[in-house]
Amino acid sequence: MEEAMDGKKALGLLLAVAGGIMVLKFFGIHLGALVGTLFAIVLIGLGVVAWRSNKKIIGGIVGAVGILMLLPALSKLIMLGIAVVLILFGISMVKKNNNNRHF
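Residues numbered from 1 in each chain as written. Predicted model: local features only at pLDDT ≥ 70, side-chain atom pairs only at ≥ 80, totals over all residues. Heavy atoms only, no water.

Let's talk about the overall build of the chain
Tallying secondary structure elements over the chain gives three helices and zero strands in all. If you list the helices and strands of the chain from N to C, you get α-α-α. Taken as a whole, the chain presents about 9,000 Å² of accessible surface, with 76% of it coming from carbon and sulfur. (Helix = DSSP H or I, 4+ residues; strand = E, 2+ residues; numbered from the N terminus. Areas by Shrake-Rupley, 256 points an atom, 1.4 Å probe, with all protein chains shown as cover.)

Structure below.
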């Protein structure tokens, strides 16, 4: 039989994870961006849960804050996609011009 996690165990787990992140930072491993992204995803999830439990105002606000927190990461992905498209388009233009030349 599994026991449900009570408040003390959850707090202990949270403190252990926070301490682990601090130790990693001491050794030069920084997880700030990852933690920020995970926090935004958790906020979106909490917003969805609140929305489904008929707390639509709170769920909408929490979800919107989570989405706003993810916008910088999303903009980086959009820029990466645009860069890949430009590279592929440039390569296709170079290949097309080489095939049309007749010496």
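Brief notes about the packing of aromatic side chains
One pass over the structure, following the stated rule, counts one aromatic pair. Centre to centre, the rings of Phe 26 and Phe 27 are 5.4 Å apart; their planes meet at 75°, and the pair counts as edge-to-face. Classification of Phe 26 by relative accessible area gives exposed; the value is 70%. (Phe/Tyr/Trp six-rings, centres within 6.5 Å; stacked < 30°, edge-to-face > 60°. Buried < 20%, exposed > 50% of the residue type's maximum accessible area, 1.4 Å probe, protein only.)

Considering helix 2 (residues 32-52)
Helix length check: helix 2 (21 residues) gives 30 Å between terminal C-alpha atoms against 30 Å at 1.5 Å per residue, within 8%. All of the buried residues in helix 2 are Ala 40, Leu 43, Gly 47 and Ala 50. Buried residues of helix 2, seen end-on, are gathered within an arc of 90° and therefore sit on one face of the element. The exposed residues of helix 2 that point more than 90 degrees off its buried face are Val 49 and Arg 52. With its phi angle positive at about 65°, Asn 54 sits one or two positions after the end of helix 2. (Expected span 1.5 Å × (residues − 1). Arc of directions from axis to C-beta.)

A look at a nonpolar patch on the surface
A cluster of nonpolar side chains, Ile 67, Leu 68, Leu 71, Leu 74, Leu 77, Ile 78, Met 79, Leu 80, Ile 82, Val 84, Leu 86 and Leu 88, forms an exposed patch at the surface whose accessible area comes to about 1,200 Å². Topologically, Leu 77 is positioned in helix 3 (residues 56-100). (Patch = residues over 30% accessible without salt bridge, like charges linked within 9 Å, V, L, I, M, F, W, Y side chains within 5 Å. Salt bridge = Lys/Arg side-chain N within 4 Å of Asp/Glu carboxyl O.)

Some remarks on the confidence of the model for the chain
Averaged over all residues, the pLDDT of the chain equals 82, while 85% of them reach at least 70. Confidence, expressed as mean pLDDT per element, reaches its minimum in the chain at helix 1 (residues 7-26) with 79 and its maximum at helix 3 with 87. (pLDDT = per-residue confidence, 0-100.)

Overview of the environment of Val 42
Residue placement: Val 42 occurs in helix 2. For Val 42, a relative accessible area of 47% puts it in the partly exposed group. Considering only alpha carbons, one finds Val 42 and Gly 66, 24 residues apart in sequence, at a separation of 7.7 Å.

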